[in-house]
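# Structural characterization, general
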Amino acid sequence: MKAVLTFIAALAFGASPLATQGFRGFTPDQFPVPQVDPPVQPAGFAFAIWGVIYLWLILGAGFGVVRRADDESWDEMRLPLIASMAIGAFWIPVANVSPFWATVLIWLMLIGAAAALVQAGADDYWWQRAPIGLFAGWLTAASCVSTGLLLAGYGLVEANTAAVVALGLALAVSLGILTLRRDTPTYAGAVIWGLFGIFASNVWPPNWTILAICALGIAFLSGRLLLDLRR
């Protein structure tokens, strides 16, 4: 039953952009302090990763139904993954209305995806851990970006400081999850992709502080990824 529910949740999550007006990022007027081209926002091309995430989660869940429906090494991760994807199915309508509640929900999605990644079995890497790792990695970047936008958008700190805080938070969360799960390169890869998107959005005009932090973060995570792959 959990295998079927996982597949249904994956389908609902993947269909959410088609069933809504989609999400192209928070608009400046959604915040008390309008956020026009904030430094924490990744370049538009970075969001193309969502298409890969949706498709891979659906394929992985489908494989789980057909081939691993009663497999204990799959069963433990299914409930937190279902919770994460079920929240994600409603995330776009919420995000188009409220950045605050969207940020709360995306952190809940990250908690569920990270728990699923940690609890995932060692078998069937490409069908089980790889798609969950990509999902959790991108949620790590996205939740921290959303937090940075809130900090600046509600006037708690200025935009550049908010970006620095968000990047530091993303690296700290990434290190924690990588410590718990070293055998899933797609997790680090997705975070690196998010950092590259932020780097690209700050190339011109150059924001040297953000560029330096992104470059250091990419170098650190790439080195950690290579070490884990060698192990």
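We now turn to the structure provided with this report. All values reported here derive from a predicted model rather than from experimental measurement. Per chain, residues are indexed from 1 in the order of the written sequence. Since the coordinates come from a predicted model, pLDDT governs what is reported: local features require at least 70, and pairs of side-chain atoms require 80 or more to be given and counted, while whole-chain, interface and lining totals use all residues. Hydrogens and water are ignored here; the side-chain numbers use all heavy atoms of the structure.

## Considerations on empty space enclosed by the protein
For each structure, a 1 Å grid was placed over the protein atoms alone; sets of points admitting a 1.4 Å probe that cannot get out are labelled cavities, open sets with protein on both sides within 12 Å along at least five of seven lines are labelled pockets, and lining residues have an atom within 4 Å of a point. Grid points are joined across faces, edges and corners, and a volume is the space filled by probe spheres set on the points. A complete count under the given rule lists two cavities of 30 Å³ or more for this structure. Taken as a whole, the largest cavity holds about 90 Å³ of empty space. Taken together, 14 residues line the largest cavity, and the ones lying closest to its centre are Gly60, Ala61, Met77, Leu81 and Trp127. Helix and strand definitions follow DSSP, with helices as H or I runs of at least four residues and strands as E runs of at least two, each counted in order from the N terminus. Sorting the residues of the lining of the largest cavity by element identifies α2 (49-67), α3 (72-89) and α6 (129-153) as the ones contributing at least two each. Of the residues forming the lining of the largest cavity, the biggest block, five residues, is contributed by α3. Gly is placed with the polar residues, together with every amino acid not listed as nonpolar (Ala, Val, Leu, Ile, Met, Phe, Trp, Tyr, Cys and Pro) or charged (Asp, Glu, Lys and Arg). Residues of the lining of the largest cavity, tallied by class, amount to ten nonpolar, three polar and one charged. Looking at the second largest cavity, its volume works out to about 60 Å³. As for the second largest cavity, its lining consists of Val40, Ala141, Cys144, Val145, Ala166, Leu167, Ala170, Val191, Leu195 and Ile198. Taken together, the elements giving at least two residues each to the lining of the second largest cavity come down to α6, α7 (159-180) and α8 (185-201). Residues belonging to the lining of the second largest cavity are distributed by class as follows: ten nonpolar, no polar and no charged.

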